[in-house]
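Observations on the model geometry
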Amino acid sequence: FIALDIFSVAIAWTFSILLLNIDSQEGLNIGREFADIIVNNAWWFASTFVIAVAFSAVFGLYANIWKYAGLAEGIKIVFAVLCVASWNVVITIVSSDLGVSWAIIMTAIYFAELIATRFVYRLYIHLMSKIRNSESHHGIKVIVIGGGAAGSTLIREMKTSDKLKMNPVCIL
């Protein structure tokens with residue numbers, strides 16, 4: 001996820017500059033002015049990478065198993081993004097020619113990308129487990145009589161064995 005977060009910051013940084021450089025009279029004006037903005041703010045750009053990764057680590061976004069992402073992880077993402085936003089607003093006020101509106105747009109794009117990467121990964125894990133489960137559950141549907149220790153052992157064996165082509169569907 002660290003590589004995805006760095007990529008997300010780069011995309012958010014770039015698109016927010018591009019969005020603010022749209023001139024309705026001349027279309028998209030990204031030539032020399034865009035290059036100057038990137039060069040003049042390169043230190044800020046690099047520091048935003050470090051800050052984004054650091055706050056993501058502080059709030060535990062790299063330690064979670066995103067298969068079970070929920071409200072708690074969403075709150076952690078919000079706090080990490082707010083910290084990055086605070087950094088961008090402070091630096092914008094102190095020394096940048098981009099303006100606070102740029103920091104707000106960049107933060108919104110970064111937040112959307114952070115949510116998207118986490119939950120797309122969660123969707124990927126979910127779909128892969130569905131595929132794995134559908135492949136492993138082909139076979140004869142079986143009713144297991146007896147839910148005690150012997151029934152439990154029998155069900156475990158049916159699920160883990162490649163040789164048994166049985167799928168337990170009910171326990172009586």
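Below: a short report on this structure.

A tally of helices and strands in the protein chain yields six helices and four strands. Ordered by position from the N terminus, the helices and strands of the protein chain form the series α-β-β-α-α-α-α-β-α-β. A buried classification covers 33% of the 172 residues belonging to the protein chain. At a minimum sequence separation of 6, the contacts of the protein chain that also span at least 24 residues come to 72%. Just so you have it, the protein chain exposes about 10,500 Å², and 69% of that area is on carbon and sulfur atoms.

So, about the pairing of strand 4 (residues 166-171). For strand 3 (residues 140-144) and strand 4, the ladder comprises five bridges, and the chain directions are parallel. Following the sheet pairing, I143 is matched in strand 4 by C170. Read from strand 3 through helix 6 (residues 149-160) to strand 4, the crossover connection turns out right-handed.

Below, the discussion takes up a nonpolar patch on the surface. A surface patch of nonpolar side chains, amounting to about 550 Å² of accessible area, comprises L71, I75, V78, F79, L82 and F111. The exposure class of V78 is partly exposed, given its relative accessible area of 33%.

Moving on: the nonpolar core. One recurring pattern in soluble globular proteins is that nonpolar side chains are buried together. The biggest cluster of nonpolar side chains holds 23 residues, and the ones touching the most others in it are W13, W102 and Y110. Secondary-structure elements contributing two or more residues to this core are helix 1 (2-20), helix 3 (42-58), helix 4 (71-95) and helix 5 (100-136). The element that contributes the greatest number of residues to this core is helix 5, accounting for six residues. Discounting chain neighbours no more than four positions away, the residues touching Y110 are D5, S8, V9, A12, A52, S56, V81 and V84.

It is worth spelling out the packing of helix 3 against helix 4 at this point. Here helix 3 crosses helix 4 at 155°, and the two axes come no closer than 9 Å. As summarised for this structure, helix 3 and helix 4 are arranged roughly antiparallel, according to the angle between their axes. In this structure, helix 3 crosses over helix 4, and the sense of that crossing is right-handed. Contacts between helix 3 and helix 4 involve W43, W44, S47, T48, I51, A52, F55 and S56 on the former and, on the latter, A80, C83, V84, W87, N88, I91, T92 and S95. The residue inventory of the contact of helix 3 with helix 4, partitioned by class, reads 10 nonpolar, six polar and no charged.

Attention now moves to the packing of aromatic side chains. As enumerated under the stated definition, the model contains two aromatic pairs in all. Relative to F79, the ring of F59 has its centre 6.1 Å away and its plane inclined at 20°; by these criteria the two rings are stacked. Highlighted residues: F59 in the loop between helix 3 and helix 4 and F79 in helix 4, separated in sequence by 20 residues. Residue classification places F59 among the partly exposed residues on the basis of a relative accessible area of 23%. Here a set of aromatic residues connected by ring pairs shows up, and it is made of F55, F59 and F79.

The subject of this paragraph is the environment of F59. For the pair formed by F59 and K76, sequence separation is 17 residues and the distance between their alpha carbons is 5.7 Å. Dropping the residues within four chain positions of it, F59 is found in contact with K76, F79, A80 and C83.

By the secondary structure assignment, I105 is in helix 5. The class of I105 is partly exposed, set by a relative accessible area of 26%. Sequence-wise, I105 and I17 are 88 residues apart; in three dimensions their C-alpha atoms are separated by 8.8 Å.

What counts, and where the lines are drawn
Chains are numbered independently. Their residues run from 1 in the order of the written sequence. Totals for whole chains, interfaces and linings use all residues, but because this is a predicted model, local features are given only for residues with pLDDT of at least 70 and pairs of side-chain atoms are given and counted only at 80 or more. Remark: hydrogens and water are excluded; side-chain values derive from all non-hydrogen atoms of the structure. The helix and strand labels rest on DSSP assignments: H or I over at least four residues marks a helix, E over at least two residues marks a strand, and numbering proceeds from the N terminus. Partly exposed describes any residue whose relative accessible area lies between the buried limit of under 20% and the exposed limit of over 50%, with all areas from a 1.4 Å probe on protein chains only and scaled to the type maximum. Whether two residues are in contact is decided by their heavy atoms, any of which lying within 4.5 Å being enough. Values of accessible area rely on a 1.4 Å probe in the Shrake-Rupley scheme; residue burial ignores everything except the protein chains shown. One requirement defines pairing of two strands: DSSP has to find at least two bridges between them. Crossovers are marked right-handed if the path from the first strand over the helix to the second runs clockwise, as seen with the strands pointing away from the viewer. Like charges within 9 Å and nonpolar side chains (Val, Leu, Ile, Met, Phe, Trp, Tyr) within 5 Å are joined into patches, using only residues over 30% in relative accessible area that form no salt bridge. Should a side-chain nitrogen of Lys or Arg be within 4 Å of a carboxyl oxygen of Asp or Glu, the pair is scored as a salt bridge. Only buried residues count toward a nonpolar core. Its members are Ala, Val, Leu, Ile, Met, Phe, Trp, Tyr and Cys residues joined through side-chain atoms within 4.5 Å. Lines fitted to the C-alpha atoms define the axes, with helices restricted to the stretch that makes contact. Angles between their N-to-C directions range from 0 to 180 degrees. Oblique is the label for any angle not covered by the other classes, which are roughly parallel (under 35 degrees), roughly antiparallel (over 145) and roughly perpendicular (65 to 115). Helix crossings get a hand from a simple test, with the near helix turned counterclockwise from the far one by less than a right angle marking a left-handed crossing and a clockwise turn marking a right-handed one. Residue classes follow a fixed rule: Ala, Val, Leu, Ile, Met, Phe, Trp, Tyr, Cys and Pro count as nonpolar, while Asp, Glu, Lys and Arg count as charged, and any other residue, Gly among them, counts as polar. Side-chain rings of Phe, Tyr and Trp (the six-membered ring for Trp) are treated as a pair once their centres are within 6.5 Å; stacked means planes under 30 degrees apart, edge-to-face means over 60, and tilted covers the remaining angles.

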